[in-house]
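Next come the chains, spelled out residue by residue.
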Amino acid sequence: MTPRELIDVAEVPGGPPLRLVRHGGDFIIMLERNELMSSRMRGSEIALGTMTCERLGGRPAPRLLIGGYGMGFTLRAVLGVVGSKAEVVVAELVSGIIEWARGPMAALADGCLDDPRVTIRMGDVGAAIGDAAVGPAATRYDAILLDVDNGPDGLTRQENDGLYSARGLARARAALRPGGVLAVWSAGTDPAFAKRLAQAGFAVDEVRVRARENGKGPMHVIWFARV
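Residues numbered from 1 in each chain as written. Predicted model: local features only at pLDDT ≥ 70, side-chain atom pairs only at ≥ 80, totals over all residues. Heavy atoms only, no water.

Asker: Lay out helix 1 (residues 43-54) with the relevant residues and their values.
Answerer: Over its twelve residues, helix 1 extends 16 Å from the first C-alpha to the last, a length consistent with the 16 Å expected when each residue adds 1.5 Å. Buried residues dominate helix 1, accounting for nine of its twelve residues. All of the buried residues along helix 1 are Gly43, Ser44, Glu45, Ala47, Leu48, Gly49, Met51, Thr52 and Cys53. Summarising the contacts, the buried residues of helix 1 are in contact with strand 5 (63-67), helix 2 (73-81), strand 8 (141-146), strand 9 (176-186), strand 10 (203-210) and strand 11 (219-226). (Helix = DSSP H or I, 4+ residues; strand = E, 2+ residues; numbered from the N terminus. Expected span 1.5 Å × (residues − 1). Buried < 20%, exposed > 50% of the residue type's maximum accessible area, 1.4 Å probe, protein only. Contact = heavy atoms within 4.5 Å.)

Asker: Can you tell me about the layout of surface pockets, naming the residues and giving the values?
Answerer: Roughly 260 Å³ of internal volume is contained in the largest pocket. Elements that contribute at least two residues to the lining of the largest pocket include exactly strand 3 (26-31) and strand 4 (34-38). A total of four residues in the lining of the largest pocket trace back to one element, the largest contributor, which is strand 4. Within the lining of the largest pocket, the residues separate by chemical class into seven nonpolar, four polar and five charged. (1 Å grid on protein atoms, 1.4 Å probe; cavity = no way out; pocket = protein on both sides within 12 Å on 5 of 7 lines; lining within 4 Å. Points joined across faces, edges and corners; volume = space filled by probe spheres on them. Nonpolar A, V, L, I, M, F, W, Y, C, P; charged D, E, K, R; others polar.)

Asker: I'd like to hear about the state of the cysteines, residue by residue, with values.
Answerer: Disulfides are covalent bonds that link the sulfur atoms of two cysteine residues. Across all of its chains, the model carries zero disulfides by this definition. In this structure Cys112 is not part of a disulfide, and its nearest cysteine sulfur, from Cys53, lies 14 Å away. (Disulfide = S-S within 2.5 Å.)

Asker: So what's going on with the side chain of Glu92? Which residues, and what values?
Answerer: Secondary-structure assignment places Glu92 in strand 6 (residues 87-92). Of note is the side chain of Glu92, whose polar atom sits 2.9 Å from the backbone nitrogen of Val94. (Polar contact = N/O pair within 3.5 Å; in protein donor to acceptor, adjacent residues only side chain to side chain.)

Asker: How would you explain the environment of Asp142 if you had to name every residue and give the values?
Answerer: Of note, Asp142 is situated in strand 8. C-alpha separation for the pair Asp142 and Gly180, spaced 38 residues apart in sequence, amounts to 4.6 Å.

Here is the structure:
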């Protein structure tokens, strides 16, 4: 059996540290004993990017907010389908995640962080959403893509609970342009969260996708909530 190799540890403001582990040719980011993400199980993260962009209907210059970077699969998927006039803001709280993307996982990043369409905003994605919600129309987003926990609860850190509360969803709705999409990734279903999305005034589409690109692996959930 191939042993797991600890590559590095990254501190999470207000939460337990993350560990980057290599297992054979795969990378895994772990929070305590939980596998937050794996380079082998990337199909649903890619789907988060491509399926969100599909729902934007070919807007010529979309502005998107991705929180957080993870292993970059969602960002790369978005960049692969949006045009040259798109703007993609990546909000990442953990500086170590970006350091890993430029270091041991540089091959996975494939230069996406240096794409001229990409802006890295170090900090809480909730703050980025809040700024857009109260700012001028030009600061709002066509889509907000959230993959910062294993579902709509603050697993990574308790403060993230606010993203999925009624107040947080109202703030996200205010940060979106007309017809915009809030997309939330989850390791499993959550009827209470789907209900909160509807109560916040979103039209909700709950989609189940396989974790792996080959259509295998566990089933994950993505909520697409349209203004």
